[in-house]
Amino acid sequence: MDTRKFPDGFLWGAATAAHQVEGGNDNNDWWAWEQTPGHIKRGDQSGVACDWWRGERYRGDFDLACALHQNAHRLSVEWSRIEPREGEWNADAIAFYRRVLTALRERGMAPLVTLHHFANPLWLRARGAWETQAIVPLFERFAARVVQELGDLCDFWITFNEPMVYAYTGYVNAKWVPGKSDFALAMRVLMNVLRGHAVAYHAIHRVQPQARVGLAHNILAFKPADPESWLNRVIVRLQDYAYNRAFLLTLQDGRVRFPMGIGGRVPEAMGTQDFLGLNFYFSRRVVVDFSQPGSLFGRTLPAQPWGVPYDDELLEWFGKGDIDPASFYRTVKWLAEYGKGAPIYITENGVPDRYDELRPRYLVTYLAALQRAIAEGAPVKGYFHWTLVDNFEWAEGYTLPFGLIANDRATQTRTPKPSAALYARIARENGIASELIEKYGHAN
Ligand code: IFM
């Protein structure tokens with residue numbers, strides 16, 4: 001049977017983040033934010049999440065992932081556990097993460113560790129978190145400490161998850177902590193994230209010269225709803241530049257550009273990606289709308305249905321964009337060109353689908369698009385599906401089930417969904433059998 005193969009040694013995994021799975025993270029700014037009614041859908045709170053911390057249920061989850069032929073896992077460490085008060089290091093938290101990483105290695109799964117995935121310790125939030133430059137040496141010290149403590153178990157690091165999402169959602173549309181709407185402040189935050197990433201990159205390499213260090217960058221494929229309209233095309237190019245490209249370009253040449261700032265240089269940021277991490281979910285059809293300065297005068301149209309009925313929550317999520325494997329393919333191609341040979345990892349990609357009706361088709365068509373880009377030369381070395389087990393989805397609470405595995409939170413019982421087996425087959429065969437492509441449709 002014909003199978004579209006991935007390269008030998010390809011990493012197949014899932015991605016998670018500390019605050020979304022650990023539970024009991026009561027010393028960070030997300031926990032504090034969750035306490036206020038109105039911040040999280042339905043009044044949900046992260047609570048015990050997937051009970052990785054107290055119940056150490058990561059072990060069972062890794063057993064499942066391993067049985068599903070995953071050979072890697074992306075997770076994050078929680079700053080507020082490791083440094084609960086400024087300058088104070090928590091040996092129990094370090095010991096916990098040592099057990100987590102050891103559990104992965106015992107199962108033959110390569111760990112990829114993120115240092116910052118949206119949440120900040122309360123003491124740091126009180127100091128403005130990423131709003132001031134004071135965070136830069138603090139993040140540098142944190143990164144160095146984590147690598148000193150865990151570097152014998154991992155040499156594959158992501159400094160920061162989704163800088164653009166972090167700055168936009170917390171500081172432009174005010175949906176996330178700290179709930180501000182201040183474009184100039186968002187620009188400062190981004191600039192500090194850029195500096196923080198750069199110093200962390202160098203600090204990690206000082207401690208661990210062989211480390212591979214990158215960041216996870218979210219790319220949204222913006223498309224003009226009316227390609228005939230020059231104004232629509234200009235707005236889309238502006239959004240694409242500001243949201244997708246500017247941060248990456250600055251990491252290449254150290255030149256500060258909008259929306260990080262205007263003018264100036266950050267030479268220490270140049271060449272600070274040993275690999276490129278791509279988080280890609282969907283594309284956006286955009287119309288011109290001058291009432292939306294926060295999104296550079298573009299408004300996203302609701303998603304076009306994709307073969308299955310969406311429930312209300314899904315519809316709201318897809319209000320953000322269209323399922324679009326062809327745009328994923330084009331994005332990977334662009335990234336390969338940008339990276340000039342640097343390895344690429346898909347550090348997140350997935351879909352929230354309660355009934356697991358959409359996910360099989362999503363998986364097969366996105367992976368077929370990825371395989372095509374690889375066959376044409378894109379140096380992609382791994383894919384991490386978002387996510388392993390249904391978990392706490394930030395402002396959406398527990399309403400968006402992204403997992404390959406369902407979780408009954410009352411009993412913490414895990415049930416793999418059909419698409420977990422599908423993904424397992426692709427991982428085991430290190431390729432996509434043509435019968436799957438025939439069944440689930442081609443990447444368009
Ligand atoms: O759950 C999030 C994750 O924390 C960051 N990237 C997008 C995911 C799905 O929304």
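What counts, and at which threshold
Residues numbered from 1 in each chain as written. Predicted model: local features only at pLDDT ≥ 70, side-chain atom pairs only at ≥ 80, totals over all residues. Heavy atoms only, no water. Helix = DSSP H or I, 4+ residues; strand = E, 2+ residues; numbered from the N terminus. Rg over C-alpha atoms; globule rule 2.2 N^0.38 Å. Buried < 20%, exposed > 50% of the residue type's maximum accessible area, 1.4 Å probe, protein only. Contact = heavy atoms within 4.5 Å. Areas by Shrake-Rupley, 256 points an atom, 1.4 Å probe, with all protein chains shown as cover. Lys, Arg positive; Asp, Glu negative; His and termini not counted. Charge placed at Lys NZ, Arg CZ, Asp CG, Glu CD. Pairing = 2+ DSSP bridges. Near = heavy atom within 4 Å. Polar contact = N/O pair within 3.5 Å; in protein donor to acceptor, adjacent residues only side chain to side chain. Nonpolar A, V, L, I, M, F, W, Y, C, P; charged D, E, K, R; others polar. Disulfide = S-S within 2.5 Å. Core = buried A, V, L, I, M, F, W, Y, C linked by side-chain atoms within 4.5 Å. Expected span 1.5 Å × (residues − 1). Axes fitted to C-alpha atoms, helices over the stretch in contact; angles between N-to-C directions. Parallel < 35°, antiparallel > 145°, perpendicular 65-115°, else oblique. Left-handed = near helix turned anticlockwise from the far one by under 90°.

*Asks:* What exactly am I supposed to notice about the overall build of the chain here?
*Replies:* Along the chain, the regular secondary structure elements total 15 helices and 13 strands. For a compact globule of 444 residues, the expected C-alpha radius of gyration is about 22 Å, and the chain comes in at 20 Å, within 12% of that figure. Based on the C-alpha atoms only, the size of the chain along its principal axes is roughly 55 × 50 × 45 Å. A burial count over the chain gives 62% of its 444 residues as buried. In the chain, the proportion of contacts linking residues at least 24 apart, taken out of those at least 6 apart, comes to 75%. Per element, the accessible surface of the chain, about 16400 Å² overall, is 53% carbon and sulfur. Positive and negative charge centroids in the chain, built from 49 and 50 side chains respectively, lie 3 Å apart.

*Asks:* Just to check I follow, could you spell out the pairing of strand β6 (residues 212–224) for this structure?
*Replies:* Working note: regular strand, side chains alternate between the two faces of the sheet. Of all 13 residues in β6, 10 are buried, a share of seventy percent or more. Taken together, the four bridges between strand β5 (residues 156–161) and β6 define a ladder with parallel strand orientation. In the sheet register, Asn 161 faces β6, and the bridge partner there is Ala 216. Here β6 runs beside strand β7 (residues 276–288); their pairing, made up of eight bridges, is parallel.

*Asks:* Sorry if this is basic, but what is going on with the site of the ligand here?
*Replies:* Around the ligand sit Gln 20, His 117, Phe 118, Asn 161, Glu 162, Tyr 281, Glu 348, Trp 386, Glu 393, Trp 394 and Phe 402, and that is every residue in its neighbourhood. The contact in question runs from an oxygen atom of the ligand to an N or O atom on the side chain of Trp 386, over 3.3 Å. One of the side-chain N or O atoms of Trp 394 is found 2.9 Å from an oxygen atom in the ligand. Its free accessible area being 280 Å², the ligand has 92% of it covered by the protein chains. Split into classes, the residues belonging to the shell around the ligand amount to five nonpolar, three polar and three charged.

*Asks:* What am I meant to see in the state of the cysteines here?
*Replies:* The bond known as a disulfide is covalent and runs between the sulfur atoms of two cysteines. Counted under the stated rule, the structure contains zero disulfides. Cys 50 takes part in no disulfide bond, and the closest cysteine sulfur, belonging to Cys 66, lies 19 Å away. No disulfide involves Cys 154; its sulfur sits 18 Å from the nearest other cysteine sulfur, which is in Cys 66. Note on Cys 154: relative accessible area 4%, which makes it buried.

*Asks:* Mind showing me how you'd approach the nonpolar core here?
*Replies:* Proteins that are soluble and globular tend to have nonpolar side chains buried together. Within the largest apolar cluster, 155 residues are counted, with the highest numbers of intra-cluster contacts made by Trp 30, Trp 130, Trp 157, Leu 367 and Leu 370. Counting residues per element, this core draws most heavily on helix α9 (residues 183–207), at 12 residues.

*Asks:* Teacher, can you tell me more about helix α7 (residues 135–150) here?
*Replies:* Note: α-helices contain 3.6 residues per turn, so residues at a spacing of three or four share the same orientation. An ideal rise of 1.5 Å per residue puts 22 Å on 16 residues; α7 measures up with 22 Å between its terminal C-alpha atoms. Within α7, burial applies to Ile 135, Val 136, Leu 138, Phe 139, Phe 142, Ala 143, Ala 144, Val 146, Val 147 and Leu 150. Looking at the buried positions of α7, the neighbouring elements they touch are α4 (79–82), α5 (91–106), β4 (110–116), α6 (122–126), β5 and α9.

*Asks:* Just to check I follow, could you spell out α9 for this structure?
*Replies:* Between its terminal C-alpha atoms α9 stretches 36 Å, which fits the 36 Å expected from 25 residues at 1.5 Å a residue. Burial analysis of α9 places 19 of its 25 residues in the buried class, the great majority of the element. Measuring from the side-chain oxygen of the N-cap residue of α9 to the backbone nitrogen of Ala 184 gives 3.2 Å; that N-cap residue is Asp 182.

*Asks:* Sorry, what's going on with the packing of helix α13 (residues 359–375) against helix α14 (residues 418–429) here?
*Replies:* What describes two packed helices is the angle between their axes and the distance between those same axes. Following both chains from N to C, one finds α13 and α14 inclined at 20°, their axes separated by 9 Å at the closest point. It follows that α13 is roughly parallel to α14 by the angle criterion. In terms of crossing hand, the pair formed by α13 and α14 is right-handed. In this structure, α13 contributes Arg 359, Pro 360, Leu 363, Val 364 and Leu 367 to the contact, and α14 contributes Ser 419, Leu 422, Tyr 423 and Ile 426.

*Asks:* Explain the pairing of strand β9 (residues 344–348) to me, please; I cannot follow it from the model alone.
*Replies:* The buried count for β9 comes to five of five residues, which makes it a mostly enclosed element. Sheet topology note: the β7/β9 ladder contains four bridges and is parallel. Following the sheet pairing, Leu 278 is matched in β9 by Ile 346. By the bridge criterion, three bridges tie β9 to strand β10 (residues 380–386) in an arrangement that is parallel.

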